[in-house]
Amino acid sequence: MARPSNSSKKPVHNGVNQLRIIGGEWRSRRLSFPDAPGLRPTPDRVRETLFNWLAPYVAGARVLDPFAGSGALFLEALSRGAAMGQALDASSLAVSSLKEHLGTLRCTVGQVQTADALRYLEGQPSTPFDLVFLDPPFNQNLLPAVCALLEDRQWLADDAWVYTESETAPSTLGMPSNWRLHREQKSGRVFYALWQRTAGAVAPA
């Protein structure tokens, strides 16, 4: 997942960035991820808030992360009991790192694939997911297109939860009309929000 570059943030351990899993089976495990420009995990405080919001819904959930990046959200969900997870990223370096983490953690329910999220969601047979993390690269206006594909291609369970990170306020994102804004907060320049899908309503074209 991409972040605006921050020169005051220095990578640890000789250029290798690290993330910490906050809760669940792998709590406190630290894992490295590529020292690539703009690649930053969702901060610990934000992840803790998000998974407090999601606490009743993660165990047994089917999880999709189309912009996995460091894998912080994906791994956190699997650690907390998600039944299965599918992660995508356009960077083969990020995907290779995340695959290594799954091997280290002996996780057999997570799958990772190098893919462009829009092409994947448009072209692959859909499987309904209960929980989706959307943290695309900023300043590319990707969220509206991805959300439309999730609806149009039937990637979401009836009452799915969708998490978004964006550089603009959630009210400006133009989400499908059957998504209800459940929670929102801001951390620095980043807005993050949790939406719940309602089955039966028609999403905008």
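Position numbers for residues start from 1 in each chain and track the written sequence from start to end. Reporting in this predicted model follows two pLDDT cut-offs: at least 70 for local features of residues, and 80 or more for side-chain atom pairs to be given and counted; totals over whole chains, interfaces and linings ignore these cut-offs and use all residues. The basis for every side-chain value is the complete set of heavy atoms in the structure, and neither hydrogens nor water enter the calculation.

Caption draft 1: Molecular detail of the packing of helix H2 (residues 72–79) against helix H3 (residues 92–104). Helix axes are fitted to C-alpha atoms over the stretch in contact, other axes to C-alpha atoms as well, and angles between N-to-C directions run from 0 to 180 degrees. The numbering of helices and of strands both runs from the N terminus, where a helix is a DSSP run of H or I of at least 4 residues and a strand a run of E of at least 2. Interaxial distance between H2 and H3 falls to 11 Å at its minimum, and their mutual angle equals 20°. When the axis of H2 is compared with that of H3, the two are roughly parallel. Along this stretch, H2 crosses H3, giving a crossing that reads as right-handed. Residues Phe74, Leu75 and Leu78 of H2 touch H3, and the partners they reach there are Leu98, His101 and Leu102. Its residues assigned to classes, the contact of H2 with H3 comprises five nonpolar, one polar and no charged. Orientation labels follow simple angle bins: below 35 degrees gives roughly parallel, above 145 gives roughly antiparallel, 65 to 115 gives roughly perpendicular, and whatever is left gives oblique. Should the near helix be turned anticlockwise from the far one by less than a right angle, the crossing is left-handed, and should it be turned clockwise, the crossing is right-handed. A contact between two residues is defined here by any heavy atoms of the two lying within 4.5 Å. All amino acids are sorted into three groups, where Ala, Val, Leu, Ile, Met, Phe, Trp, Tyr, Cys and Pro are nonpolar, Asp, Glu, Lys and Arg are charged, and the leftover types, Gly among them, are polar.

Caption draft 2: Broad picture of the environment of Phe133. Note that Phe133 resides in strand E6 (residues 129–134). Residue classification places Phe133 among the buried positions, given a relative accessible area of 0%. Residues Phe133 and Tyr163, 30 residues apart in the sequence, show an inter-C-alpha distance of 4.9 Å. Excluding anything up to four places from it in sequence, Phe133 contacts Leu50, Phe51, Leu54, Val63, Leu64, Asp65, Pro66, Leu73, Phe74, Ala77 and Tyr163. Under the scheme applied here, a residue whose accessible area is under 20% of the maximum for its type counts as buried, over 50% as exposed, and between as partly exposed, the area being computed with a 1.4 Å probe on protein chains only.

Caption draft 3: A look at helix H5 (residues 143–152). Burial in H5 covers these residues: Leu143, Val146, Cys147, Leu149, Leu150 and Glu151. Tucked into the core, H5 has its buried residues touching strand E3 (62–65), helix H4 (117–123), E6, strand E7 (156–166), strand E8 (179–187) and strand E9 (190–197). Following H5 by one or two positions, Gln154 adopts a phi angle in the positive range, close to 60°.

Caption draft 4: Up close: the sheet that holds E8. When DSSP finds at least two bridges between two strands, those strands are taken to pair. Within the open sheet, the seven strands sit side by side as E5-E4-E3-E6-E7-E9-E8. Their pairing is mixed. Lying at the two open borders of the sheet, with one neighbouring strand each, are strand E5 (110–114) and E8. Averaged over all pairs of adjacent strands, the angle between strand axes in this sheet comes to 15°, irrespective of strand direction. Of the strands in this sheet, strand E4 (84–89) and E5 touch H3, which is tilted by about 160° from E5.

Caption draft 5: Inspection of the packing of aromatic side chains at higher detail. The rule is short: rings of Phe, Tyr and Trp, with Trp giving its six-membered ring, pair when the centres are within 6.5 Å, and they are stacked under 30 degrees, edge-to-face over 60, tilted in between. This structure, assessed with the given rule, holds seven aromatic pairs. Taking 6.0 Å as the distance between ring centres and 55° as the angle between the ring planes, the aromatic pair formed by Phe51 and Phe133 counts as tilted. With Phe51 in helix H1 (residues 44–53) and Phe133 in strand E6, this residue pair connects regions lying 82 residues apart in the sequence. Taking relative accessible area as the criterion, Phe51 reaches 1% and is therefore assigned buried. An angle of 75° between the planes, with centres 6.3 Å apart, marks the rings of Phe133 and Tyr163 as edge-to-face. With Phe133 in strand E6 and Tyr163 in strand E7, the pair connects residues that are 30 residues apart, well separated along the chain. Residue Tyr163 is classed as buried on the basis of its relative accessible area of 0%. If you follow Arg62 out to its NZ or CZ, it ends over the ring of Phe129, 5.5 Å from the centre. Geometrically, a charge over a ring is one whose NZ (Lys) or CZ (Arg) sits within 6 Å of the ring centre while staying within 35 degrees of the ring normal.

Caption draft 6: The arrangement of the nonpolar core in detail. One finds Leu50, Leu54, Phe133 and Tyr163 to be the most contacted residues of the largest nonpolar core, which totals 34 residues. Residue assignment for this core shows that the elements contributing at least two residues are strand E2 (30–33), H1, H2, H3, E6, E7 and E9. Broken down by element, this core gets its largest block of residues, six residues, from H2. Among the nonpolar cores identified, the runner-up in size contains 27 residues, and Phe67, Ala117, Leu156 and Trp195 belong to it. Here, nonpolar core means buried Ala, Val, Leu, Ile, Met, Phe, Trp, Tyr and Cys residues that are tied together by side-chain atoms lying within 4.5 Å of each other.

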